[in-house]
Amino acid sequence: MKLDDKLYLIRYNTDKESHITIAEDDVCRKECKHKPCTFICPARVYKWDEEENRIKVYYEGCVECGACRIGCPYSNIKWGYPRGGYGVAYKNG
Ligand code: SF4
Ligand code: SF4
């Protein structure tokens, strides 16, 4: 099954509170040249915002795969599972 098909099978119960935060915006700005979070996340949760000069986190689309937790070279992403009952769920098809 292709990723797009899998993403179609997902449904969300979105929390108002983000389960993902960036620890230090300055680390993204000044240290992290390639910003891998913006391309390793399959759900495109992380986007570099030129105007605000920081990474913005669109946590609502997170599929809880864990890639960003190991992919940020500065361990600058604080990630916890969404609160009980919130987050992603998978349909049976
Ligand atoms: S990979 Fe980590 S340090 Fe780099 S931009 Fe993303 S959150 Fe910031
Ligand atoms: S856990 Fe996976 S889907 Fe969620 S933000 Fe990290 S890389 Fe993206």
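Computed from a predicted model, the values in this text were never measured in an experiment. (Residues numbered from 1 in each chain as written. Chains lettered and ligands numbered in written order. Predicted model: local features only at pLDDT ≥ 70, side-chain atom pairs only at ≥ 80, totals over all residues. Heavy atoms only, no water.)

Novice: Hey, could you run me through the overall build of the protein in this one?
Specialist: A tally of regular secondary structure across the protein gives four helices and six strands. For the protein, the N- to C-terminal ordering of α and β elements is α-β-β-α-α-β-β-α-β-β. C-alpha atoms of the protein, sized along the principal axes, occupy 45 × 30 × 25 Å. Within the protein, the fraction of its 93 residues that count as buried is 30%. Seen as two clouds, the 16 positive and the 14 negative side-chain charges of the protein have centres 5 Å apart. (Helix = DSSP H or I, 4+ residues; strand = E, 2+ residues; numbered from the N terminus. Buried < 20%, exposed > 50% of the residue type's maximum accessible area, 1.4 Å probe, protein only. Lys, Arg positive; Asp, Glu negative; His and termini not counted. Charge placed at Lys NZ, Arg CZ, Asp CG, Glu CD.)

Novice: For this particular structure, what's the right way to read the nonpolar core?
Specialist: One broad trend across soluble globular proteins is that nonpolar side chains are buried collectively. Core analysis: the biggest nonpolar cluster contains 14 residues, and Ile20, Ile22, Val45, Tyr46, Ile55, Ile77 and Trp79 have the highest contact counts within it. Looking at this core, the elements that each hand over two or more residues are strand 2 (20-22) and strand 5 (77-79). Other than its neighbours up to four places away in sequence, isoleucine 77 contacts Ile20, Thr21, Ile22, Cys37, Tyr46, Cys68 and Cys72. (Core = buried A, V, L, I, M, F, W, Y, C linked by side-chain atoms within 4.5 Å. Contact = heavy atoms within 4.5 Å.)

Novice: Can you help me understand the site of ligand 1 in this one?
Specialist: If you check the shell around ligand 1, you find Ile22, Cys28, Cys32, Lys35, Pro36, Cys37, Ile55, Cys72, Pro73, Tyr74, Asn76 and Ile77 and nothing else. Considering only residue class, the shell around ligand 1 consists of ten nonpolar, one polar and one charged. (Near = heavy atom within 4 Å. Nonpolar A, V, L, I, M, F, W, Y, C, P; charged D, E, K, R; others polar.)

Novice: In this structure, what is going on with the pairing of strand 4 (residues 54-57)? I would like to understand it.
Specialist: Looking along a regular strand, one sees the side chains alternate between the two faces of the sheet. Pairing geometry for strand 3 (residues 46-49) and strand 4, over four bridges, is antiparallel. The residue bridging tyrosine 46 from the neighbouring strand is valine 57, located in strand 4. The turn linking strand 3 back onto strand 4 is made up of four residues, and asparagine 53 within it adopts a positive phi angle of 60°. (Pairing = 2+ DSSP bridges.)

Novice: Would you explain the pattern of salt bridges in this entry?
Specialist: A side chain with one charge can pair with a side chain of the opposite charge if their charged atoms come near. Within this structure, the stated rule accounts for six salt bridges. Of the charged contacts, one joins arginine 83 and aspartate 15 as a salt bridge, the two residues approaching to 2.7 Å between their closest N and O atoms. One end of the pair, arginine 83, is in the loop between strand 5 and strand 6 (87-90); the other, aspartate 15, is in the loop between strand 1 (10-13) and strand 2, and 68 residues separate them in sequence. Given a relative accessible area of 45%, arginine 83 falls into the partly exposed group. Residue classification places aspartate 15 among the buried residues on the basis of a relative accessible area of 7%. A single network of salt bridges, built from pairs that share partners, joins Asp49, Glu52, Arg54 and Lys56. (Salt bridge = Lys/Arg side-chain N within 4 Å of Asp/Glu carboxyl O.)

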